[in-house]
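Descriptive structure summary
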Amino acid sequence: MSTEDSTDRITVYSDYVCPFCYLGRASLDRYRDDREDPLEIDWRPFDLRSQQRKPDGTIDHSVDTGKDEEYYEEAKEGVRRLQEKYDVAMEMEIATDVDSLPAQVVSYHVKSTHDYETWLAFDEAVFAALWQNGRDIGDEDVLVDIATEAGIDEETVRSALDDDGLRAELREQFGAAQQQGVTGVPTFVSGEHAARGAVPPDQLRRLVDGD
């Protein structure tokens, strides 16, 4: 929900469990802080674990994702490089054992039922809980704690997590992202242009401002 229809926006496809999404948001925050005018984030959910989902939504860790130790070592190196570049402290470099789907369910619900500032407070708190504090954002009680600190009542979280219809909507959003050509996150979109990855603030400025 938005406070003003005239407010500039950037669409961001991301998954909370993606370290590059967290780092990309750090870059985006730098750009937003340097802008004279406010820039709202239009978050779109994306499920990095979609190929591992069982019918009940849980993760089947036995599914071969094609990502070996060499892949994760390269990913960690990339995370460390961007941590230094953006001056971001992180409790861990990857979070392969954390399921972000519950956090995305709650965030999607809050985004559609609360004002923008409340959603943003929850969204930023989820990222911080995982990447700064090493908390399990797939845990219902952890999400209740995060939400309460953002001014969201406990029942909102628990009812959202129990809502099968809401989960079905979220799956549709995941599919819509793929139909839009989003194959990885973070992906930033402004107008007809997009940038993928934790790109620098200057690149985000050119994406949004067109100069």
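Residues numbered from 1 in each chain as written. Predicted model: local features only at pLDDT ≥ 70, side-chain atom pairs only at ≥ 80, totals over all residues. Heavy atoms only, no water.

1. Thoughts on the packing of aromatic side chains
Which entries qualify depends on this criterion: Pairing of aromatic side chains requires ring centres within 6.5 Å, counting the rings of Phe and Tyr and the six-membered ring of Trp. Pairs whose planes differ by under 30 degrees are stacked, by over 60 edge-to-face, and all others tilted. Helix and strand labels come from DSSP, where a helix needs a run of H or I of at least four residues and a strand needs a run of E of at least two; each type is numbered from the N terminus. Between buried and exposed lies partly exposed: a residue is buried under 20% and exposed over 50% of the maximum accessible area for its type, with that area taken using a 1.4 Å probe on protein chains only.
With the rule as written, the count across this model stands at 6 aromatic pairs. Geometrically, the ring pair formed by Trp43 and Trp119 is stacked, given 6.3 Å between the ring centres and 25 degrees between the ring planes. Here the residue Trp43 occupies a position in strand S2 (residues 39-45), and Trp119 occupies one in helix H4 (residues 116-131), the gap between them amounting to 76 residues. Just as Trp43 is buried, Trp119 falls in that class too. Grouping aromatic residues by their ring pairs yields a cluster made of Tyr16, Tyr22, Trp43, Tyr116, Trp119 and Phe127.

2. Here we look at H4
As a reminder, the rule being used: The span one expects for a helix is its residue count, reduced by one, times 1.5 Å. Any two residues whose heavy atoms approach within 4.5 Å are treated as being in contact. Pairing of N or O atoms within 3.5 Å defines a polar contact, subject to two protein rules: one partner must be a possible hydrogen donor and the other a possible acceptor, and residues neighboring in sequence count only if both atoms are side-chain atoms.
Here H4 is 16 residues long and its end C-alpha atoms lie 22 Å apart, about the 22 Å a rise of 1.5 Å per residue gives. For H4, the buried fraction is high: 12 of the 16 residues fall into the buried class. All of the buried residues in H4 are Tyr116, Thr118, Trp119, Leu120, Phe122, Asp123, Val126, Phe127, Ala128, Ala129, Leu130 and Trp131. Residues of H4 that are buried make contact with strand S1 (8-14), helix H1 (19-34), S2, helix H3 (101-113) and helix H5 (140-149). If you check the start of H4, you find a side-chain oxygen 3.1 Å away from the backbone N of Glu117, and it comes from Asp115.

3. Here we look at the packing of H1 against helix H2 (residues 69-86)
So the rule is basically this: Geometry is summarised by axes, namely lines fitted to C-alpha atoms with helices restricted to the contacting stretch, and by angles between N-to-C directions that run from 0 to 180 degrees. Between 65 and 115 degrees an angle is taken as roughly perpendicular, under 35 as roughly parallel, over 145 as roughly antiparallel, and anywhere else as oblique. Should the near helix be turned anticlockwise from the far one by less than a right angle, the crossing is termed left-handed; should it be turned clockwise, right-handed. The residue classification treats Ala, Val, Leu, Ile, Met, Phe, Trp, Tyr, Cys and Pro as nonpolar and Asp, Glu, Lys and Arg as charged. All others, Gly included, are polar.
At their nearest, the axes of H1 and H2 sit 10 Å apart, and the two run at 20 degrees to each other. Our classification of the angle between H1 and H2 gives roughly parallel. Crossing of H1 over H2 shows left-handed handedness. Taking contact as the criterion, the partners of Pro19, Phe20, Leu23, Ser27 and Arg30 in H1 are, on H2, Ala75, Gly78, Val79, Leu82, Gln83, Lys85 and Tyr86. In terms of residue class, the contact of H1 with H2 is made up of 7 nonpolar, 3 polar and 2 charged.

4. Here's the deal with the pairing of strand S3 (residues 187-190)
Selection rule: Here, strands pair whenever DSSP counts at least two bridges between them.
Bridge count between S1 and S3: 3 bridges; the pairing is antiparallel. Bridging across to S3, Thr11 finds its partner in Val189. When S3 meets strand S4 (residues 193-196), the two strands line up antiparallel, connected through 4 bridges. Of the residues in S4, the one forming a bridge with Val189 is Ala194. The antiparallel hairpin formed by S3 and S4 contains 2 residues in its connecting segment, where Gly191 sits at a positive phi of about 65 degrees.

5. Considerations on the sheet that holds S3
In sheet architecture, strand pairing relies on hydrogen bonds along the backbone and comes in two forms, parallel and antiparallel. With respect to topology, 4 strands assemble into an open sheet ordered S2-S1-S3-S4, the strand pairing being mixed. The sheet terminates laterally at S2 and S4, the two strands that pair on one side only. Taking the axes of each pair of neighbouring strands and ignoring which way they run, one obtains an average angle of 25 degrees across the sheet. Strand contacts of H4: S1 and S2, with the helix running at about 60 degrees to S2, the strand carrying the most contacts. Packing against the sheet, helix H8 (residues 201-209) makes contact with S1, S2, S3 and S4, and its axis sits at approximately 30 degrees to S3.

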